[in-house]
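A structural walkthrough
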Amino acid sequence: MMKGMNSNRFFPKNDAVGVLPKPDRTAWLKGGSAVCEMPPRTPRGDAWRLVLLGAPGIGKGTQAELLCERLGTCHLSTGDVFRTAKCLAEHEQTASMKDALKFMRQGALVPDETVLGLIQDRLRCLRCSGGFLLDGFPRTVAQAEALEKTLQDEHIQLTAVLNYELPLERVVARISGRRTCGGCKAVYHVTTRPPKVADICDHCGGALFQREDDRPESVEVRMKAYGTSTRPLISFYEQRGLLISVSAEGSPEEIYQRTRLLALGR
Ligand code: AMP
């Protein structure tokens, strides 16, 4: 059995369990003293505390949504925090956020110091009794070391690190069809996960758009950053006995079911 896993953890077997209400993530998206109106429910057994790894565009955001809907945990995406800040009026953005958004537009990684400051400001979300699913953080070894230290200090143990894998050319095809909701940040794909009504979010009715950093010129930079800075995290978490590698071939539902079996089978 993997470190941190125990039999007191519930992984729903299929859709029959239904979709749990989506927590609103206000505390995560805004940080500071912001409070969630609808925080995730405290589970009956142990909460899930997961990290998702994988190249940009591989479908982590989509899997994060499926996992959160069914496990009832909260989707903590650092990319969503930056995208939320981007929508603020200029005078509401701090200097370090403005700086971070410059890196993001180019597809480059935001400096560790800024990202770690943002996490520090949202520690309550890591402590949340509903658990969490980190997506897009950590992305460098320095970030992973800082997260490890923070979790140790807080006596919080990760359940597992899910590493999604797919050949590079397939990842690039996925990125080009991706669309995101401007309101709740739900993720769609024009062919593999279309919304019920074209360009409109199924969850909140918001308009869907293509992210600036999903355009070809940014994608190349992001792939390089992944190879150099993020891929080393695979061995980092393998050494700690936390890594579960999952093939990202197939539809979102197939990938979800594969994740479920792998996480249950350990
Ligand atoms: P994502 O939605 O996770 O692909 O993130 C979008 C962009 O936000 C990335 O290309 C980076 O510019 C920035 N970003 C998000 N998370 C991080 C992180 N942990 N470290 C550095 N940059 C990040």
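In this report, we go over the structure that sits alongside the text. (Residues numbered from 1 in each chain as written. Predicted model: local features only at pLDDT ≥ 70, side-chain atom pairs only at ≥ 80, totals over all residues. Heavy atoms only, no water.)

**What to know about the environment of Val219**
Quick reminder of the rule: Secondary structure is summarised from DSSP: a helix means a run of H or I of at least four residues, a strand means a run of E of at least two, and numbering begins at the N terminus for each. The classification of residues rests on relative accessible area computed with a 1.4 Å probe and restricted to protein chains. Under 20% of the type maximum is buried, over 50% is exposed, and intermediate values are partly exposed. Working rule for contacts: check all heavy atoms of both residues, and any pair within 4.5 Å makes them a contact.
On the secondary structure map, Val219 appears in helix 9 (residues 216-230). Exposure remark for Val219: the relative accessible area of 7% places this residue in the buried category. Residues Val219 and Gln63, 156 residues apart in the sequence, show an inter-C-alpha distance of 20 Å. Discounting chain neighbours no more than four positions away, the residues touching Val219 are Ile175, Asp213 and Asp214.

**Notes on the sheet that holds strand 8 (residues 243-247)**
The following threshold applies: Strand pairing follows a simple DSSP-based rule, namely that at least 2 bridges must link the two strands. Only the stretch in contact is used when a helix axis is fitted, and all axes are lines through C-alpha atoms; the angle between N-to-C directions ranges over 0 to 180 degrees.
Pairing is parallel across the open sheet formed by 5 strands, whose spatial order is 2-3-1-4-8. Among the strands making up the open sheet, the edge pair consists of strand 2 (74-77) and strand 8. Each adjacent strand pair in this sheet contributes to an overall mean axis angle of 25 degrees, direction not counted. For strand 2 and strand 3 (residues 132-135), the ladder comprises 4 bridges, and the chain directions are parallel. Looking at strand 3, one finds that Cys74 is bridged to Phe132. Lying over the sheet, helix 2 (residues 60-71) contacts strand 1 (49-53), strand 2, strand 3 and strand 4 (160-165), oriented at roughly 175 degrees with respect to strand 3.

Purely geometric numbers; function is a separate question.
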